Structures are given as C-alpha cells and as structure tokens.
Amino acid sequence: MCVSENRENSDSGHDVGRLINTLSHQLKRQVCIQEGEDSLTTNMQRLVLHYILFQSPERDIYQKDVEKEFQIRRSTATGTLQILEKNGFIIREPVKQDARLKKLVPTEKAIGVRQHILENIRYIEALLSKGIPEEKLSVCREVLEQMSANLSGDEKRREEITDHE
C-alpha cells in the first residue's frame, strides 16, 4: 500500500525520493551499449551481468546472491538469468556438494565485454563525482546506504551503517 503524500507541505524540488528517481533515470540513459552487448535489452540484465563478471573471480555466485544484491524477487532473478543464459553470457554449473545448486559462470562472450564495462563504470563514476569534494561524496554514500537500509527494513544493516559513523 502506498503512503499518501501531503502535497501542501512538500517542496517537490527537494523530495529525496524524486531526486533519486531522476538520478536513476539519468544514469540509465548514460549507460553505453557496446555492439556485442546489444542482446542485453534491460538495465537489470546489464547490472546482473556486471555483478557476475566482477564477483565470480572472487567467489562462487548463485541466484540467491543476485536476489540479495539487487533486492529482487526470485521470479525476477530467474527471468533475468534465463535471458543472460539464452544470449550466451552465462552458464549454470552444478556444484559437487548439491546437484540442485547451480553456480553462475560468465562465458567467454561475457568476459569479452568486461573491459568495456570497466571503462563505462569509470566514465560514469567520474561524471557523477565531477566537481564534488571527496568529503561530500563520502557523506553522500553513507546517507544513501542508510536510506537503502531504512527502505529494506534491514535492522542489522542499519546498525552496521550506524556503527561505522
């Protein structure tokens, strides 16, 4: 259920949610699509592939990890991963301990776009932080993490964020 807005006491130019939503749309428009990535039709597919590419060298990645990282439902994760698999960006490999469990492994096709992804991330981060002192960026990160924890209802995460202050 949505909470009704009190329009009279709200300055829409300063609504945090609206600003974050606007920023999100601007970010999505800035994402460059490399020719080899044209079968990635949604931003979620790109984000999930990026996550798998950059986390899998460090540890095994499973669907549950994707669900948790992006705070998405199982059905959304399943659909996204099926498309990535169909388009040749990932494969699902069974693990020895539990044949029902499948780790997500990037293919050569995905690894081929890794450098472009890194360059795009660096470009977007530089664009986002242009002209903003590091102290303010640090505060911004802390505030955004706290807002995310508030919205997720994750009390443990809220405490961890508060403890770091």
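Placed above this text is the structure.
Residues numbered from 1 in each chain as written. Predicted model: local features only at pLDDT ≥ 70, side-chain atom pairs only at ≥ 80, totals over all residues. Heavy atoms only, no water.

Draft legend 1. Region of interest: the environment of Y62. Along the chain, Y62 falls in the loop between α2 (43–55) and α3 (63–70). We classify Y62 as buried; its relative accessible area is 16%. Between the C-alpha atom of Y62 and that of E93, which follows or precedes it by 31 residues, the distance is 9.8 Å. Excluding anything up to four places from it in sequence, Y62 contacts V95, L101, K102, K103 and L104. (Helix = DSSP H or I, 4+ residues; strand = E, 2+ residues; numbered from the N terminus. Buried < 20%, exposed > 50% of the residue type's maximum accessible area, 1.4 Å probe, protein only. Contact = heavy atoms within 4.5 Å.)

Draft legend 2. Representation of the nonpolar core within the structure. Judged by nonpolar contacts, the single largest core of 18 residues is most densely connected at L49, I52, V66, L81, L84, I90 and L104. Those elements giving two or more residues to this core turn out to be α2 and α4 (74–86). With five residues, the single largest contributor to this core is α2. If we ignore the near neighbours within four places in the chain, the residues touching V66 are V48, Y51, I61, Q71, I72, A77 and L104. (Core = buried A, V, L, I, M, F, W, Y, C linked by side-chain atoms within 4.5 Å.)

Draft legend 3. Unusual backbone geometry, seen in detail. Unusually for a residue other than glycine, Q71 sits at a positive phi of about 50 degrees. With respect to the helices and strands, Q71 occurs in the loop between α3 and α4.

Draft legend 4. Spatial organisation of the packing of α2 against helix α6 (residues 114–129). Remark: α2 packs on α6, axes separated minimally by 11 Å, with the N-to-C direction vectors making an angle of 105 degrees. Between α2 and α6, the interaxial angle falls into the category roughly perpendicular. Facing H50, L53 and F54 of α2, the residues of α6 in contact are R114, I117, L118 and I121. The residue inventory of the contact of α2 with α6, partitioned by class, reads five nonpolar, one polar and one charged. (Axes fitted to C-alpha atoms, helices over the stretch in contact; angles between N-to-C directions. Parallel < 35°, antiparallel > 145°, perpendicular 65-115°, else oblique. Nonpolar A, V, L, I, M, F, W, Y, C, P; charged D, E, K, R; others polar.)

Draft legend 5. A look at a nonpolar patch on the surface. A surface patch of nonpolar side chains, about 230 Å² in accessible area, is lined by V16, I20 and L144. Relative to the assigned elements, L144 resides in helix α7 (residues 134–152). We classify L144 as partly exposed; its relative accessible area is 41%. (Patch = residues over 30% accessible without salt bridge, like charges linked within 9 Å, V, L, I, M, F, W, Y side chains within 5 Å. Areas by Shrake-Rupley, 256 points an atom, 1.4 Å probe, with all protein chains shown as cover. Salt bridge = Lys/Arg side-chain N within 4 Å of Asp/Glu carboxyl O.)

Draft legend 6. The pattern of salt bridges, seen in detail. One pass over the full model with this rule turns up seven salt bridges. Where E85 meets R92, a salt bridge forms, and the shortest distance between an N and an O atom there is 3.1 Å. The partly exposed category is assigned to R92, whose relative accessible area is 25%. Between D98 and R100 there is a salt bridge whose closest N-O contact spans 3.0 Å. Using a relative accessible area of 24% as the deciding quantity, one classes D98 as partly exposed.

Draft legend 7. Layout of α4. Helix length check: α4 (13 residues) gives 18 Å between terminal C-alpha atoms against 18 Å at 1.5 Å per residue, within 8%. Listing the buried residues of α4 in full gives A77, T80, L81 and L84. Here the buried residues of α4 occupy an arc of 95 degrees about the axis, which is enough to place them on one side. Of the exposed residues in α4, the ones pointing more than 90 degrees away from its buried face are S75 and K86. Buried residues belonging to α4 abut α2, α3, β1 (90–94) and β2 (102–106). In the stretch just after α4, G88 is the one whose phi turns positive, near 80 degrees. (Expected span 1.5 Å × (residues − 1). Arc of directions from axis to C-beta.)

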